[in-house]
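A closer look at the structure
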Amino acid sequence: MGEILEGLKAAFLLLVTLDSDLVEITLRSLQVTLSALVISSLIALPFGAWLAIRRFRHRRLAIAVLNALMGIPPVVVGLFVYLLLSRSGPFGVLGLLYTPSAMIIAQVIIITPLIASIAHQSLRELWAEYHDLLISLNTTRHQRIKTLVWDGRRALLTASLAGFGRAIGEVGAIMIVGGNIDHATRVLTTAIALETSKGDFSLALGLGFVLIGLAISVNVAIHWLTRTEREGRW
Amino acid sequence: MKHLVLSAVFSICSAVPILAEDLRLAVTTSFHNSGLADVLLPEIAKDTGLNVQLLVVGTGQAIHLGEAGDVDAILVHSQKAEEAFVDGGFGRHRREIMYNDFVFIGPVEDPAGVGNAESAAESLSSIKANQALFVSRGDESGTHKKERALWQLAGFDLEQFGDWYRAVGAGMGATLNAAAGMGAYAMSDRASWLNFGNKEGLALLFSGDPLLFNQYAYLPVNPERHSHVNAEGAQKLEEWLVSEEAEALIDGYQINGEQLFTFNATR
Amino acid sequence: MVNSILPLELQEVVVSKRGRRIVGPVTYTLAGAGTTIVIGPNGSGKTTLLRMMHGLERTSEGRLSWAQAFKEASQRQSFVFQSPIIMRRSVLDNLAYPLTLAGKSRKEANEAAARWAAKVGLGSRLQQSASRLSGGEKQKLALARALIREPEVLFLDEPCANLDGKATRVIEGVLQDAKSNGTRLVMSTHDMGQARRLADDVIFMLGGQIHECAPVQDFFNSPATPETEQFLRGDIVE
């Protein structure tokens, strides 16, 4: 109990003093995760919609694979991305290892299946609802995906937020491909891991509270933004 | 939405260029936990213009990163592995810089009586004889290798150990956290121990046997193997590390009034 | 005037699902003008017949052909479902949707949407989300949306099944307007009164087949078969 209070105190102190290191790693956390989120959403949402409307031979298998991909431990993804981006790996010449870009790539791989899977499930219901109408109106496949993504945007927002939650709290993969380099690739989660390994639990916990606060603020902000976008009830 | 896309593109673009003065150095957890880096890096930046980016990993991973060419140099403490690294053509050479020492940590009550031991071997013997809990790094790090070598020197076979011997497969800090949680013994480098924040119930029980000295060496990655490495920067850093200024900083670094490292590079 | 997509010709068409024959074999020609009403007991295949004509059901045997290419024909016909499919959008956006699909400008689509909303009595509710309309309003919206591209053929599957008299009257009025503007209507119903009010001719479905097909006067006044007579009398026919 004492340590939790210490952690809250540490978090409070870090926040009120606007600790420059804290600001830096918080902004980097946001930069990496939001970038990964945008890229993943651009891939996963249309893919989820496509999967919802398309009937093909191995569709069930594809969905099973997608759901399985959600369960891959991030550390494995990190190792995989490391091997690809290592100087001795196939994409070594790009020099991306130990940069925020490498962390973004790892996070995209981790959260794209998650977002696509949730998107697929909610759009499948919407598609069942719209199916006859959209066939009757003789829509093209592109128009169907566009319509589903637009009309299902609330559910898709939830899918994206789930991806955000997973990415912002992820530590295993970005530790491996980012390296937790001070002033270069250190983010909230890797900083927490570092402080824990140093036995500085109160600072680690303080950073943890900052992370939780950040996740909550982003969720609330996005919900608030979409609420004001339209007073509708969709 | 557009803003997010732009920021994503921007962040990818902005992250790509690697500035010329950056130097990537893989170091061991124990070195980083000592806090010495926080003293040395600003001076290095001032004197040489090098922005040293530290990758804090275990010795095994540090050597792997060097072999893969993902860092420009490594600073580790595992002589056999270092020599193999140079022999394999991955490192240009091995330059000894400084040493610190390992210590035995255990519960304040010291049920195995390690505090009364005369040597490292005697300490380990009494832990084994009492079947007292012992937490091992178990992660193939330099510290782990050293610990296994010490058990062997004391005449024991690790394969025969019962479940009082617990390999956690974690870094030094996590291992000390585990020792604190279980009330167990552990071997730590002195620096990690002194900087460790969660000492509750633990105490330094034995140190000083020359067998426990821990030699750090600097190994620049061979540019003939990986043409992209910053060999020039690695050379500059090496020159600085063996300089008189470095000697003064290393020998003068103290935690709670204790000197941690002893400079022993030959110029 | 562009070439008509009619006649629609069905030759020995069968619709089967999981090996069970739902409709067919059906041979029929849909041509000319006016309103065809499809009646018949539950499970006789009325809905499937309409859906098959519109292209919503795959034919497993036989031939279905329009006077124009399939793609052209599909764009000039609409369908109104028994329980209206309402998009998660505003009334305005629901109505404008088929026009934006057809590449009309937003402005043009919105003007037409407002016009059609007024026609079905939803003029004051353009900005409301369509899910909050009542059942009758939803069906009016669906009808307006189906007519907004001014289709040559409109299929309706029991559009008034769940509606009160007031809503039914509005919908029948809109349908009469559409008919006089040249839209060919094909509609199923359970309501014999509605059949008498709207029909020019009648299809009587029984057991998945077109049992009888006749002009409305002949059908009601001199049924050709005993089954038709029983059905009109209110007996259960199978």
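Residues numbered from 1 in each chain as written. Chains lettered and ligands numbered in written order. Predicted model: local features only at pLDDT ≥ 70, side-chain atom pairs only at ≥ 80, totals over all residues.

The name recorded for chain C in an unreviewed UniProt entry is ATP-binding cassette domain-containing protein, from Halocynthiibacter halioticoli. Reading the Sequence similarities (unreviewed entry) entry of the UniProt record for chain C gives the comment "Belongs to the ABC transporter superfamily." Turning to chain C, the UniProt annotation filed under Subcellular location (unreviewed entry) states: "Cell membrane". (UniProt positions renumbered as here; feature names shortened; annotations may be inferred.)

As annotated in an unreviewed UniProt entry, chain B carries the name Substrate-binding domain-containing protein and is attributed to Halocynthiibacter halioticoli.

Some remarks on the overall build of chain C
A count of helical and extended segments in chain C gives nine helices and nine strands. Its C-alpha radius of gyration of 18 Å places chain C within 12% of the 18 Å reference for a compact globule of 238 residues. Expressed along its principal axes, the backbone C-alpha trace of chain C runs to roughly 55 × 40 × 40 Å. Looking at chain C residue by residue over its 238 residues, the buried ones come to 43%. For chain C, restricting intrachain contacts to residue pairs at least 6 apart in sequence, the fraction spanning at least 24 positions comes to 69%. (Helix = DSSP H or I, 4+ residues; strand = E, 2+ residues; numbered from the N terminus. Rg over C-alpha atoms; globule rule 2.2 N^0.38 Å. Buried ≥ 20, exposed ≤ 12 C-beta atoms within 10 Å, placed from the backbone. Contact = placed C-beta atoms within 7 Å.)

A short note on the interface of chain B and chain A
Taken together, the 29 residues of chain B in the interface contact 25 residues of chain A. Among the elements of the structure, α1 (2–15), β2 (51–57) and α8 (172–182) of chain B are those that each provide at least two residues to the side of chain B that touches chain A. Residue contributions to the side of chain B that touches chain A peak at seven residues, all from α1 of chain B. Of the residues assigned to the side of chain B that touches chain A, the class counts are 14 nonpolar, 13 polar and two charged. (Nonpolar A, V, L, I, M, F, W, Y, C, P; charged D, E, K, R; others polar.)

Looking at the arrangement of the chains
Contacts are most numerous between chains A and B, taken over all two pairs of chains that touch. The least C-alpha distance between chain B and chain C, which are not in contact, is 21 Å.

Regarding the domain arrangement of chain B
All names here are of chain B. Looking at chain B, the domain boundaries give domain 1 (21–99 + 213–263) and domain 2 (102–211). The C-alpha-based centres of domain 1 and domain 2 are spaced at 26 Å. Across the contact, 18 residues belong to domain 1 and 18 residues belong to domain 2. Of all the secondary structure elements, the ones that give two or more residues to the side of domain 1 that touches domain 2 are α2 (29–33), α4 (59–68) and β9 (213–220). Looking at which element gives the most residues to the side of domain 1 that touches domain 2, the answer is α2, with three residues. (Domains from an automatic or database assignment.)

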